[in-house]
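# Residue-level structure breakdown
Residues per chain are reported as follows:
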Amino acid sequence: MKAIVLAVVWAAGLAVAGAALESKVFVIGDADLQEVEAAVKASLSPQGKTVLLPRERKLLVQDEAEYLPMAEAIIAAFNAPRPNVRVEVMFQEAGGIDDRRLEVRGRIGGRDISAGNRPGPNGLEIDAVNRRTTSSRTANQFLMVQSGRTASIRVAQEVPFVDYFYDYALGLGYVTGVQTRWRSIGAQMAVTPRVRGDWVEVELYPQITTLVDARQEVIDFRELATVVTVASGQVVQVGGFQGASEEFNRNFFSGGGRSGGSQTSSFSVRATVQ
């Protein structure tokens, strides 16, 4: 209450010092406070001012009377119920089976010698086989998340490049040198959809999960975030995280195959407003 009184006194002082301005206090629901304030500020005149009251989740707006209805409409839009968005991530997996073997067959001293399919005539026959059979498949995961909220999709239960990601996190200051080195890590993808009219903006960034002193920790690599904007129901292919190096993307998805011997090569995203 004290914060509101001080804000009103501040606004009254501005009104006396400048042109005829009006003040109004708006209640903000569960929307991001800074995002609401930034949107309102952009709609005001050069004389317009705002005071954010975080504890009360209120915004004091002062401006000429003709600008206040626009501020009210913007806040009403933020306070409207957030739609749910179904986000589907489709992982394109490429894999293969290597067939490498050496076959020896024949006869020596009247005895059959066979390390392959069948014995041959007197003497030895040696065959070397080096064959790779490739295959591809698509694995889908989906989640339902409210616009503006964040949820995670698992990419891999276990990623083999533990030291690489530990050193990467260490270089960015996410861990300290005195912390116990990780023994195993998992990979998941944070997904945040935001409905923008007829379009959906989807933010994606990588996360590494690990156990430290029997506690699960999640490292958010937000600086590697990729943002795509699609029409509701549209599919867009993403080759990897835009801010990440090719090595990071390759190592992050190296354990992403849901089938044995496969590895995620790329992924696509579809966001559908419900």
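Everything below is about the structure printed above this text.
Here's a quick rundown of the structure.

Definitions and cut-offs
Residues numbered from 1 in each chain as written. Predicted model: local features only at pLDDT ≥ 70, side-chain atom pairs only at ≥ 80, totals over all residues. Heavy atoms only, no water. Helix = DSSP H or I, 4+ residues; strand = E, 2+ residues; numbered from the N terminus. Buried < 20%, exposed > 50% of the residue type's maximum accessible area, 1.4 Å probe, protein only. Contact = heavy atoms within 4.5 Å. Pairing = 2+ DSSP bridges. Axes fitted to C-alpha atoms, helices over the stretch in contact; angles between N-to-C directions. Salt bridge = Lys/Arg side-chain N within 4 Å of Asp/Glu carboxyl O. Expected span 1.5 Å × (residues − 1). Arc of directions from axis to C-beta. Phe/Tyr/Trp six-rings, centres within 6.5 Å; stacked < 30°, edge-to-face > 60°. Lys NZ or Arg CZ within 6 Å of the ring centre and 35° of its normal.

## Concerning the overall build of the protein chain
Of the regular secondary structure elements, the protein chain holds five helices and 13 strands. The proportion of buried residues among the 274 residues of the protein chain is 38%. For the protein chain, the proportion of contacts with a sequence separation of at least 24, taken over those separated by at least 6, is 66%.

## Describing the environment of G148
Note that G148 resides in the loop between β6 (123-146) and β7 (151-156). For the pair G148 and A31, spaced 117 residues apart in sequence, the C-alpha separation works out to 8.2 Å. The residues contacting G148, other than those within four sequence positions of it, are R82, T192, P193 and R194.

## Thoughts on the environment of V27
As for its position among the elements, V27 is in strand β1 (residues 22-27). C-alpha separation for the pair V27 and L53, spaced 26 residues apart in sequence, amounts to 9.6 Å. In this structure V27 touches R57, K58, I75 and N79, once residues within four positions along its chain are discounted.

## Observations regarding unusual backbone geometry
Residues other than glycine seldom take positive phi values, yet R57 does so here, at roughly 55 degrees. Looking at the secondary structure, you find R57 in the loop between β2 (49-53) and β3 (58-63). The class for R57 is partly exposed, based on a relative accessible area of 28%.

## Side note on the sheet that holds β3
Reading across from one edge, β1-β3-β2 is the order of the three strands in this open sheet, with antiparallel pairing throughout. For this open sheet the edge positions go to β1 and β2, each flanked by a neighbour on one side alone. Here the average twist between neighbouring strands, direction ignored, is 15 degrees. Where β1 and β3 come together, six bridges link them in antiparallel fashion. The residue bridging F26 from the neighbouring strand is L59, located in β3. Across the face of the sheet, helix α2 (residues 33-43) comes into contact with β2 and β3 while running at roughly 170 degrees to β2. Its contacts with the sheet place helix α3 (residues 68-79) against β1 and β3, and it is angled at close to 5 degrees to β1.

## Describing the pattern of salt bridges
Scanning the model with the defined rule gives twelve salt bridges in all. E35 is the salt-bridge partner of R196, the closest N and O atoms lying 3.5 Å from each other. Of this pair, R196 sits in strand β8 (residues 185-196) while E35 sits in helix α2, and the two are 161 residues apart along the sequence. The partner of R181 in a salt bridge is D163, with the nearest N and O atoms 3.5 Å apart. Here the residue R181 occupies a position in the loop between α4 (162-171) and β8, and D163 occupies one in helix α4, the gap between them amounting to 18 residues. Its relative accessible area of 40% is what places R181 among the partly exposed residues. One network of salt bridges, with partners in common, ties together E35, R194, R196, E201 and E203.

## Re α3
The terminal C-alpha atoms of α3, which comprises twelve residues, lie 16 Å apart, in line with the 16 Å expected from a rise of 1.5 Å per residue. If you check which residues of α3 are buried, you get L68, A71, I74 and I75. Projected onto a plane normal to the axis of α3, the buried residues spread over an arc of 125 degrees and lie on a single side. The exposed residues of α3 that point more than 90 degrees off its buried face are P69 and A77.

## Comments concerning the packing of aromatic side chains
Taken as a whole and assessed by the stated rule, the structure comprises 16 aromatic pairs. Ring geometry for Y164 and F165: centres 5.0 Å apart, planes at 90 degrees, overall edge-to-face. Ring geometry for F165 and F248: centres 5.2 Å apart, planes at 80 degrees, overall edge-to-face. One end of the pair, F165, is in helix α4; the other, F248, is in helix α5 (residues 246-252), with 83 residues separating them in the sequence. Residues F165 and F248 agree in their burial class; the two are buried. An aromatic cluster of three or more residues is present, and its members are F91, Y164, F165, Y168, Y174, F221, F241, F248, F252, F253 and F267. Above the face of the F142 ring, R86 is positioned so that its terminal group lies 3.8 Å from the ring centre.

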